[in-house]
Amino acid sequence: MSTSSHSAGSPVICWFRQDLRLADNPALLAATQSGAPVICLYVLDDKTPGKWARGGASRWWLHHSLAALSASLEELGARLVLRRGDAFEIVTGLASELGAQRVFWNRCYEPFARERDTSIKTRLKQAGCEAETFNGALLIEPWNLKTKDGGPYRVYSPYFRALAPHCDDIAPLPAPSSVTDGSQGVHSDALSSWSLLPSSPDWATGFGPVWTPGEDGARARLETFCEDAARDYADTRNLPGTDGTSRLSPHLHFGEISPRQIWHHAVSHVPAGKGRETFLKEIGWREFSYNLLFHFDDLPESNYQAKFNGFPWNFDETVFKNWTRGQTGYPIVDAGMRQLWQTGWMHNRVRMIVASFLTKHLLIDWRRGEEWFWDTLVDADLANNAASWQWVAGSGADAAPYFRIFNPVTQGEKFDEAGHYVREWVPELTNLPEKYIHAPWTAPADVLARAGITLGRDYPKPIVDHARARERALAAFSSLKDAA
DNA sequence: ACAAATTTGCG
DNA sequence: GCAAATTTG
């Protein structure tokens, strides 16, 4: 490593990662307040994460989010430097090349990120450069919330009860009013050269109309939600045919908005009540997932409950493809899978239904579903994805009754009563009357004929029989108990 | 209100 | 020791 110059004029680096925003960004604020010129850096590293390199939908979002961040930084007088490659090499190399005094970043919690950041910190230190790191992504970091025994929480409710008091006095940080740019002469890749957007085929045509990536879009989404839907959230969040949820998940994943900003805004703008309480609890679930990932770092790969290691999964390529393509013959499942494919997002209630269907009706390993979601969700997030898949599969941190097997018909009837959601995403069922919309195979022949549907031609017959699948899943769980 | 039951977290 | 545990049917 070359000799660093530590003159007063030497720059600092602000390394953006999953914090693509200006407001409530402790690393950015500290970097600007250091008084030194700042190099704002983003590194696209597809090597360090291994199998958890960003998936396709997530890359679409990243492209637009970086474009937005770059534009807002320019308004403050700074350029966003883009580099692609091994983050360790790039960050330590750039710091050394430029004689940076300090590197600022907000902490990440993915196991590969923690390992990477630790080695970067060590290497920087050896070269006389300090890494200064901050909490920009969580209400409270995992090592700061322990049970009375000193161990990590493994049950959500007590976790949330312990978390909430820490959120009483949140005061989000302001955005810096200006940034002194230190990036003159520093090479930046062109964003377009990263090819984050799909070309042929362009599977993302349905994404643009639904999403506004970037800090402004995140802010607008939060404000609209708190004005319109938050009050009734406890009831409407379960109805996939309505705009009952916040849709903040991709913004949160990329750090276009922080959970501290969300908590603070909700508490100040939504009247106290069931809706607000339920929404804050959802923010709490995200924290709980990060807590789990931090303390059980193989959560994305291994059953949290070891007894599931002997579970008789039964992978079938054809059946799996039917699931991914929304061709299972269960309308609520197919609607969800198609919404996911077309918009990069799926309503939370439906995520639970399709995940339960994959793991319990089809007996396909939750890790296959986790991988599919990783590639297709714009909000793909290692902690949330892993914790949630394990939760549904029954292998996760949950005193789950093993008999919790979602019935895709009754779930549909309960949460999409009029069938609006199904009709939106499974248009071939548009003309099927409400009465049969969640179970087309029960419709009399003349009803199907009038709706213009021949089962097996226009829409699949169910790929499994619910009652039999349920029995099979229960038997599989019993086999676990016997083995143990 | 129940099921069937283990594990967690607090006292 | 004892109460409690998102989302089930």
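Here is what the cut-offs are and how they apply
- Residues numbered from 1 in each chain as written.
- Chains lettered and ligands numbered in written order.
- Predicted model: local features only at pLDDT ≥ 70, side-chain atom pairs only at ≥ 80, totals over all residues.
- Heavy atoms only, no water.
- Pairing = 2+ DSSP bridges.
- Helix = DSSP H or I, 4+ residues; strand = E, 2+ residues; numbered from the N terminus.
- Axes fitted to C-alpha atoms, helices over the stretch in contact; angles between N-to-C directions.
- Contact = heavy atoms within 4.5 Å.
- UniProt positions renumbered as here; feature names shortened; annotations may be inferred.
- Buried < 20%, exposed > 50% of the residue type's maximum accessible area, 1.4 Å probe, protein only.
- Core = buried A, V, L, I, M, F, W, Y, C linked by side-chain atoms within 4.5 Å.
- Phe/Tyr/Trp six-rings, centres within 6.5 Å; stacked < 30°, edge-to-face > 60°.
- Lys NZ or Arg CZ within 6 Å of the ring centre and 35° of its normal.
- Salt bridge = Lys/Arg side-chain N within 4 Å of Asp/Glu carboxyl O.
- Near = heavy atom within 4 Å.
- Polar contact = N/O pair within 3.5 Å; in protein donor to acceptor, adjacent residues only side chain to side chain.
- Domains from an automatic or database assignment.
- Buried area = accessible area lost by both parts, 1.4 Å probe.
- pLDDT = per-residue confidence, 0-100.

Trainee: Explain the sheet that holds strand 5 (residues 130–134) to me, and be specific about the residues and the numbers.
Mentor: One open sheet accounts for five strands, arranged 3-2-1-4-5; its pairing is parallel. Lying at the two open borders of the sheet, with one neighbouring strand each, are strand 3 (80–84) and strand 5. For this sheet the average axis-to-axis angle between neighbouring strands, irrespective of direction, equals 25°. Relative to strand 4 (residues 102–106), strand 1 (residues 12–16) runs parallel, the two sharing four bridges. Of the residues in strand 4, the one forming a bridge with Cys 14 is Phe 104. Against the sheet, helix 1 (residues 26–33) touches strand 1, strand 2 (38–44), strand 4 and strand 5, its axis set at about 155° to strand 4.

Trainee: Describe the UniProt feature "domain: Photolyase/cryptochrome alpha/beta" (unreviewed entry) in chain A, naming the residues involved and giving the relevant values.
Mentor: Following the UniProt record, the feature "domain: Photolyase/cryptochrome alpha/beta" (unreviewed entry) maps to residues 10–139 here. Each end of residues 10–139 is marked by a C-alpha atom, and these two atoms are 33 Å apart; helix forms 43% of the span and strand 21%.

Trainee: Explain the environment of Pro 271 residue by residue, including any values.
Mentor: Structurally, Pro 271 can be placed in the loop between helix 9 (259–269) and helix 10 (274–295). You can call Pro 271 partly exposed: its relative accessible area is 40%. Considering only alpha carbons, one finds Pro 271 and Cys 226, 45 residues apart in sequence, at a separation of 9.4 Å. Aside from chain neighbours lying at most four places away, what touches Pro 271 is Arg 231 and Arg 276.

Trainee: So what's going on with the nonpolar core? Residues and values would help.
Mentor: Among the nonpolar cores identified, the biggest contains 92 residues, and Trp 323, Val 333 and Leu 432 are the most heavily contacted of them. If near-sequence neighbours (up to four positions away) are discounted, Leu 432 is found in contact with Arg 423, Ile 437, Pro 440, Ala 443, Val 447, Leu 448, Ala 451 and Ile 453.

Trainee: Can you explain the packing of aromatic side chains? Please cite residues and give values.
Mentor: As enumerated under the stated definition, the model contains 36 aromatic pairs in all. Three or more aromatic residues joined by ring pairs form one cluster here, namely Trp 60, Trp 61, Trp 203, Phe 207, Trp 211, Phe 254 and Trp 345. For Arg 17, the ring lying beneath its charged end belongs to Trp 15, and the centroid distance is 4.5 Å. The ring centre of Phe 315 lies 4.0 Å from the NZ or CZ of Arg 368, which sits over that ring.

Trainee: Give a detailed account of the pattern of salt bridges, specifying residues and quantitative values.
Mentor: Throughout the structure, instances matching the rule amount to 20 salt bridges. A salt bridge links Arg 116 to Asp 117; the nearest nitrogen and oxygen atoms lie 2.9 Å apart. The two residues Arg 116 and Asp 117 agree in class, both being buried. Residues Arg 457 and Asp 458 are paired through a salt bridge, measuring 3.0 Å at the closest nitrogen-oxygen approach. Three or more residues are tied together by salt bridges with common partners; here these are Arg 17, Arg 116 and Asp 117.

Trainee: Explain the protein's contact with DNA strand C to me, and be specific about the residues and the numbers.
Mentor: Not every one of the 17 residues close to DNA strand C is listed here, only the nearest: Ser 157, Glu 282, Trp 285, Met 352 and Trp 391. For DNA strand C, the fraction of protein-proximal atoms (within 4 Å) that sit in sugar or phosphate groups is 47%. Between DNA strand C and Trp 285 there is a distance of 2.8 Å, counted from a base oxygen to a side-chain nitrogen or oxygen. Interatomic distance of 3.1 Å between a backbone N/O atom of Asn 407 and a phosphate oxygen of DNA strand C. Contributing elements (two or more residues each) for the surface near DNA strand C: helix 5 (156–163), helix 10, helix 13 (348–361) and helix 16 (408–415).

Trainee: So what about the pairing of strand 2? Which residues, and what values?
Mentor: Side-chain positions along a regular strand alternate between the two faces of the sheet. In terms of residue burial, strand 2 counts as a mostly covered element, since seven of its seven residues are buried. Every second residue of strand 2 is oriented toward a common face, with Val 38, Cys 40, Tyr 42 and Leu 44 on one face and Ile 39, Leu 41 and Val 43 on the other, all of them buried. Of the pairings in the sheet, the one linking strand 1 to strand 2 comprises five bridges and is parallel in character. Opposite Trp 15, over in strand 2, you have Leu 41 as the bridge partner.

Trainee: Please provide a residue-by-residue account of the domain arrangement of chain A, values included.
Mentor: By the assigned domains, chain A splits into domain 1 (3–136), domain 2 (138–172 + 214–295) and domain 3 (306–483). On a C-alpha basis, the centroid separation for the pair domain 1 and domain 2 is 26 Å. Each side of the interface is counted separately: domain 1 has 20 residues, and domain 2 has 21 residues. Between domain 1 and domain 2 lies a buried interface of about 1,800 Å² when both sides are counted; carbon and sulfur atoms form 53% of it. Summed over the shared surface of domain 1 and domain 2, the number is two salt bridges.

Trainee: Could you give an account of the confidence of the model for chain A, with specific residues and numbers?
Mentor: Across chain A, the average pLDDT comes to 94, with 96% of residues at or above 70. Low pLDDT, under 50, characterises residues 1–8; the stretch is placed with 12 contacts to residues that sit more than four places away or in other chains.

Trainee: Outline the environment of Leu 80, listing residues and values.
Mentor: Summarising the element assignment, Leu 80 is placed in strand 3. Along the chain, Leu 80 and Trp 52 lie 28 residues apart, while their C-alpha atoms are 25 Å from each other. Sequence-distant contacts of Leu 80, that is, excluding residues within four places in its chain, are made with Phe 16, Cys 40, Leu 41, Tyr 42, Leu 66, Leu 69, Ser 70, Leu 73 and Ser 188.

Trainee: Tell me about the side chain of Asp 117, and please be specific about residues and values.
Mentor: By secondary structure assignment, the location of Asp 117 is in helix 4 (residues 111–126). Within polar-contact distance, the side chain of Asp 117 engages the side chain of Arg 17 at 2.6 Å. For Asp 117, the contacting residues outside a window of four places in its chain are Trp 15, Arg 17, Trp 105 and Cys 108.

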